[in-house]
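Structural overview for review
Listed here are the chains, written in short residue letters.
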Amino acid sequence: MQLIELEVNQFRQFRQPLRLSNLEPGLNVIAGPNESGKSTLVRALRAAFFERYGSSVVTDLQPWGDSSAAPEVNLRFVWQEQVWRLHKRFLKQKRCDLHIDNQHWSGGEAEEKLAALLGYEFPGKGVSKAEHWGIPGLLWIEQGSGHEISSAVNHASEHLQAALGNTLGELASSGGDRVLESVNAQLAELQTRTGKPTGRYAQLLQAAAEQAEKVTGLAARVEQYQAEVDQLGQLVQQQATDELHKPWLAYRRREREAQQALDQVARLQQQQEQDLLLQEQCGNTLRLIREQIAGFKHQLEEQARREQAVTSAATQYQALQLQVQQTTSALQRAEQDYAAARAQLHQVRTHVQWQQQTSDQAALQTRLQHLQPQLESAKGCVAEVADWQQKLQHSQMPEADLKQLRQLQAALDQVLARQQQAATRLEYDLTAKDISLNGQALHGRGEQLLTQAAELELGGLGRLRILPGGSDLGDLTREQQRLQDSYTALCQQLGVSDLATAEQRQEQAQQAERALATARTRLAGLAPQGVQALEQELTTCQQQLAALPALSEASSAEPPDISLHQAESLFTAAEQQWRQAEQQMRDAQQQLSAAEREQNAANAELTRLQTHIADLQNQQQEQGLTSQLSEQLSVAQTIGQRLDERAKQIAAARPDILRDDRLRFTRTAEQLEQAFAERKTAIVGLRSGLQALNAEALEEQLAAASQAAEQSAQRLREVERRAAALSLLQDLLGQQRQALTKRLQAPLQAHIQHYLPLLFPQADLLVDEQLQPRQLVRQQTSGAVSDTLEALSYGAREQMGLISRLAYADLLQASGRPTLIILDDALVHSDNQRLDDMKRILFDAARRHQILLFTCHADKWQDLGVQVRQMQQLGSAS
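Here the structure is a predicted model, which is why all the values come from computation and not from measurement.

Comments concerning the overall build of the protein chain
Within the protein chain, the regular secondary structure consists of 20 helices and 20 strands. A buried classification covers 36% of the 878 residues belonging to the protein chain. A fraction of 71% describes how many contacts in the protein chain between residues 6 or more apart in sequence connect residues 24 or more apart. Carbon and sulfur atoms make up 48% of the accessible area of the protein chain, which amounts to about 51300 Å² in all.

Things to note about helix H1 (residues 38-50)
In this model, H1 (13 residues) spans 18 Å end to end at C-alpha, consistent with the 18 Å of a helix rising 1.5 Å per residue. Within the span of H1, buried status applies to Lys 38, Thr 40, Leu 41, Val 42, Arg 43, Ala 44, Leu 45, Arg 46, Ala 47, Ala 48, Phe 49 and Phe 50.

A closer look at the pairing of strand E15 (residues 763-767)
In E15, alternate side chains face the same way, and those of Ala 763, Leu 765 and Val 767 are buried while those of Asp 764 and Leu 766 on the opposite face are not. One ladder, built from five bridges, connects E15 with strand E16 (residues 773-780); its direction is antiparallel. Looking across to E16, one finds that Val 767 is bridged to Pro 773.

Quick word on the environment of Val 324
Residue placement: Val 324 occurs in helix H8 (residues 311-349). The spatial distance from the C-alpha of Val 324 to the C-alpha of Arg 586 is 9.3 Å, given a sequence separation of 262 residues.

Remarks on the sheet that holds E15
The three strands lie next to each other as E15-E16-E17, forming an open sheet whose pairing is antiparallel. Looking along the sheet, the strands with just one partner apiece sit at the ends: E15 and strand E17 (783-788). Ignoring which end each strand starts from, the neighbouring axes of this sheet average 25 degrees apart. Strand direction decides the pairing type here: E16 and E17, joined by six bridges, are antiparallel. Across the sheet, residue Leu 776 finds its bridge partner in E17, namely Asp 787.

Let's talk about the environment of Ala 708
For Ala 708, the location among the structural elements is in helix H17 (residues 698-759). A relative accessible area of 24% means that Ala 708 is categorised as partly exposed. Placed 493 residues apart in sequence, Ala 708 and Val 215 show a C-alpha to C-alpha distance of 9.3 Å.

Section: the nonpolar core
Formed by 98 residues in total, the largest nonpolar core has its most connected members in Phe 49 and Met 800. Setting aside residues up to four positions removed in sequence, Phe 49 forms contacts with Met 1, Leu 75, Phe 77, Lys 88, Leu 114, Leu 118, Tyr 120, Phe 122 and Trp 140. Grouped together as the second largest cluster of nonpolar side chains are 14 residues, Leu 405, Tyr 487, Cys 491 and Val 496 included.

Describing the confidence of the model for the protein chain
Close reading of the predicted structure is inappropriate where its pLDDT is low. Across the protein chain, pLDDT averages 80, with 85% of residues at or above 70. Low pLDDT (under 50) marks residues 166-174, which in the prediction has 16 contacts with non-local residues, meaning those over four places away or in another chain.

Observations regarding the packing of helix H18 (residues 794-814) against helix H19 (residues 832-845)
Each pair of packed helices can be summarised by the angle the axes make with each other and by the distance between the axes. It is the contact of H18 with H19, at a shortest axis distance of 11 Å, that shows an interaxial angle of 10 degrees. Looking at the two axes, H18 sits roughly parallel to H19. Residues Ala 796, Gln 799, Leu 802, Ile 803 and Leu 806 of H18 form the contact with H19, whose participating residues are Arg 834, Met 838, Ile 841, Leu 842 and Ala 845. Grouping the amino acids of the contact of H18 with H19 by side-chain chemistry returns eight nonpolar, one polar and one charged.

Examining the pattern of salt bridges
This structure, assessed with the given rule, holds 34 salt bridges. Among the salt bridges present, the one from Arg 252 reaches Glu 673, with a minimum N-O distance of 2.9 Å. With Arg 252 in helix H7 (residues 248-307) and Glu 673 in helix H16 (residues 655-695), the pair connects residues that are 421 residues apart, well separated along the chain. The partner of Arg 654 in a salt bridge is Asp 656, and the shortest N-O contact between them spans 3.3 Å. Exposure remark for Arg 654: the relative accessible area of 42% places this residue in the partly exposed category. Linked by salt bridges that have partners in common, Glu 5, Glu 7, Arg 19 and Arg 76 make up one network.

Let's talk about the packing of aromatic side chains
Using the criterion set out here, one finds nine aromatic pairs in the structure. Taking 6.3 Å as the distance between ring centres and 50 degrees as the angle between the ring planes, the aromatic pair formed by Phe 49 and Phe 77 counts as tilted. Here the residue Phe 49 occupies a position in helix H1, and Phe 77 occupies one in strand E4 (residues 72-79), the gap between them amounting to 28 residues. The burial state of Phe 49 is the same as that of Phe 77; both residues are buried. Taking 5.5 Å as the distance between ring centres and 35 degrees as the angle between the ring planes, the aromatic pair formed by Phe 50 and Trp 140 counts as tilted.

Some words on the side chain of Ser 804
Here Ser 804 lies in helix H18. A polar atom in the side chain of Ser 804 sits 2.9 Å from the backbone oxygen of Met 800. Beyond its immediate stretch of four places on either side in the chain, Ser 804 contacts Ile 149, Leu 765 and Pro 773.

Here we look at the sheet that holds strand E6 (residues 95-100)
Sheet architecture is open: six strands sit in the order E2-E1-E4-E5-E6-E7, paired in antiparallel fashion. The sheet terminates laterally at strand E2 (18-20) and strand E7 (103-106), the two strands that pair on one side only. With direction set aside, neighbouring strand axes in the sheet form an average angle of 10 degrees. As defined by bridge partners, strand E5 (residues 82-89) adjoins E6 across six bridges and the pair is classed as antiparallel. Opposite His 87, over in E6, you have Asp 97 as the bridge partner. Where H1 meets the sheet, it contacts strand E1 (2-9), E2, E4 and E5, and its direction lies at approximately 75 degrees from that of E4.

Concerning helix H13 (residues 531-547)
Over its 17 residues, H13 extends 24 Å from the first C-alpha to the last, a length consistent with the 24 Å expected when each residue adds 1.5 Å. Among all positions in H13, only Val 531, Leu 534, Leu 538 and Cys 541 are buried. Down the axis of H13, the smallest arc covering the buried residues is 85 degrees, so these residues share one side. Those residues of H13 that are exposed and angled more than 90 degrees off the buried face are Gln 532, Gln 536, Gln 543, Ala 546 and Ala 547.

Remarks on a nonpolar patch on the surface
Where nonpolar side chains cluster on the molecular surface, the patch consists of Leu 728, Leu 729 and Leu 732 and spans about 270 Å² of accessible area. Note on placement: Leu 728 falls in helix H17.

Structural notes on the environment of Val 73
Summarising the element assignment, Val 73 is placed in strand E4. Placed 67 residues apart in sequence, Val 73 and Leu 6 show a C-alpha to C-alpha distance of 7.4 Å. If sequence neighbours within four positions are ignored, Val 73 has contacts with Leu 6, Glu 7, Val 8, Phe 11, Ala 44, Ala 48, Leu 86, His 87, Lys 88 and Phe 90.

Some details on unusual backbone geometry
Despite not being glycine, Glu 35 has its phi angle at roughly 65 degrees, a positive value. Mapping Glu 35 onto the fold places it in the loop between strand E3 (27-31) and H1. According to the relative accessible area criterion, Glu 35 is exposed, its value standing at 73%. At Leu 91, a residue that is not glycine, the phi angle is positive and equals roughly 75 degrees.

Criteria and thresholds
- Residues numbered from 1 in each chain as written.
- Predicted model: local features only at pLDDT ≥ 70, side-chain atom pairs only at ≥ 80, totals over all residues.
- Heavy atoms only, no water.
- Helix = DSSP H or I, 4+ residues; strand = E, 2+ residues; numbered from the N terminus.
- Buried < 20%, exposed > 50% of the residue type's maximum accessible area, 1.4 Å probe, protein only.
- Contact = heavy atoms within 4.5 Å.
- Areas by Shrake-Rupley, 256 points an atom, 1.4 Å probe, with all protein chains shown as cover.
- Expected span 1.5 Å × (residues − 1).
- Pairing = 2+ DSSP bridges.
- Axes fitted to C-alpha atoms, helices over the stretch in contact; angles between N-to-C directions.
- Core = buried A, V, L, I, M, F, W, Y, C linked by side-chain atoms within 4.5 Å.
- pLDDT = per-residue confidence, 0-100.
- Parallel < 35°, antiparallel > 145°, perpendicular 65-115°, else oblique.
- Nonpolar A, V, L, I, M, F, W, Y, C, P; charged D, E, K, R; others polar.
- Salt bridge = Lys/Arg side-chain N within 4 Å of Asp/Glu carboxyl O.
- Phe/Tyr/Trp six-rings, centres within 6.5 Å; stacked < 30°, edge-to-face > 60°.
- Polar contact = N/O pair within 3.5 Å; in protein donor to acceptor, adjacent residues only side chain to side chain.
- Arc of directions from axis to C-beta.
- Patch = residues over 30% accessible without salt bridge, like charges linked within 9 Å, V, L, I, M, F, W, Y side chains within 5 Å.

This is the structure we're talking about:
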């Protein structure tokens, strides 16, 4: 069969007629890029043969977006020296005409004649599919399907059998096949083709397995029953022991003891954290106080020299003051002894209450004495911070502007220096008085630097115009004016007269910033939480102090153990001692007054000499700082002692061990309790289960099941022997059939071997009973290597598929059937060497068959010895 001409119109992308004519009887290569219409021409060939002209579902043949188009296909080919012409129109004005020389067929009759000629069939309805394409579907390779051969052979098997006559029918015509079919039928009743049991055989297998499983299950249940009886006895004994002793209670008690110890440690740790915070605050305060005291040190050294003048008067006054204090103490002791005699019993009874109230009052008073000066100092720091912030805001200026001002000043200095170097220097020594330069009179001796044109008036002699010779003086002058303007504008913007003033303001700002940081640090040390929080704490202390009840004076005395006579004697002696102490007190006060007058005179003299010493406010501040330093050192020492002692207590308690003990005792108790509860549940479950098992009579069931299992096994062995005999007979008959199959495969195998050595020397492509290629056997040094087609690479499978199709074409041609081979982008996965081998094969096959090869790689098919026809030329020619 030779296709001569193909013409399409209104077919997919070809809205206008396109004709492919003058096709050669052998190889025809049609090339073009993607989307140029190659696959459209292949689709037109398939539609011309495979699609019913009256079908209404082939709308994919119309040009895109043109539902009114009527796709047309015209074919002209030669078969057995007769010219066949086919014309088909789809969807609109449908028709089908077939002309063979002078004969004419139309409609379905024409389509059936073509189907009988080429060996394919039409679908009952819908679009034609691969299972309908028959022999053309085997010989026409669609794009991307060259590696698939099995399905194409299956779809073409009936048509191949009709075309090849008895060649494929001999396998079903021998008498041995009837025996084989009978054996297969009987064996199929017992097992599948893969040897899997079925029917009665499978039922017996299942019954035997179920019986064996039942026996095994009953034996396991009997064994379980005996084991559970033993387990129940052990559990009951353990439960009775735990019920009696309750071992978890001891661990619960030890758990509570560990928790109490942990609570005590937690309280100590909380107190430790509070003291650590106080220690940090105290350290900050001490650092600030020491820094301020260091500032007063040089003042104290100067003051010490001045105070030497009043040392004598102060020493005498202090001695008399000590005497007065001693006398006062003696008087107080006498008064106390006198009062103690009368309030001794009352003081003993209220001693405990008085001691507690005294302690609370002392603590609150101490805290108030600390908070009040601290609050005053904090308020002073707040005012100082605000003052320094105001000063900083007033004096601070942007660093970028200051930097720009420095750069402008430096640039001006450079320009002025360059002007002085380039300017014309005018030196003069004059005796006349009527000479002037630019209107400015010149006298005596001097010099002028001229950076621009100037006029020199010579009185009655005339005028001289002096032009400086430097070429860049004008540029320097303009640059100097520009820089001066920028400098002046920036100074006005910053509110300063020059750079020196700006630098001075910047230094003031830096000093203010350092002072502000110092003030803020002091404030943070005095009031870490803020002044308001400090005031709140002071108010709270005052309220707590006011809420304390009044103390009784007699509550501090201890009860005396003396008689009434002894008490009267003690009272008389105390009264006499008290009167003597009063007289001594009056004498000491008179002497102290005289010494005080002398000391005041000396202090007045010292005051007149202290004009350069710090004022009274600084002295008071220094004295306050010294007092604060002593207080803070004492507080720090007290806090440190508390921290050390408490840390030792916490370390000795070992909280980590206590937590482990608590967790260990808790888990132990929980596990014991849980084990007790689970054991109780298990006992109930075991008793119920044992009662149920005892009621089932397991041993009798086991004996009956064992007997039934033995009977099922006997029947199964009989069926297994029958299946084995049938399987052996099937194998023997299959071997005989295989020998016959090889004789029938010989023609196809011979055609395949005609092409295969060009691609794989010393290789064989084996076909199965259905005449489908299955295995490629290659000879290597280590021996023969066999691979299924599915195991080969994609490219090798594609090459084997094409060789097989060419062998089928040779076989069909030998049987007098028409052949046409169409390759749509085939062999695209072949390397260069394999592609060259396949070209040799195609060139050889083209001697016997017409081949239409459509490709988008024209350069790869230039060496086939035929003209490569371009799709663009077909389009332009049409």
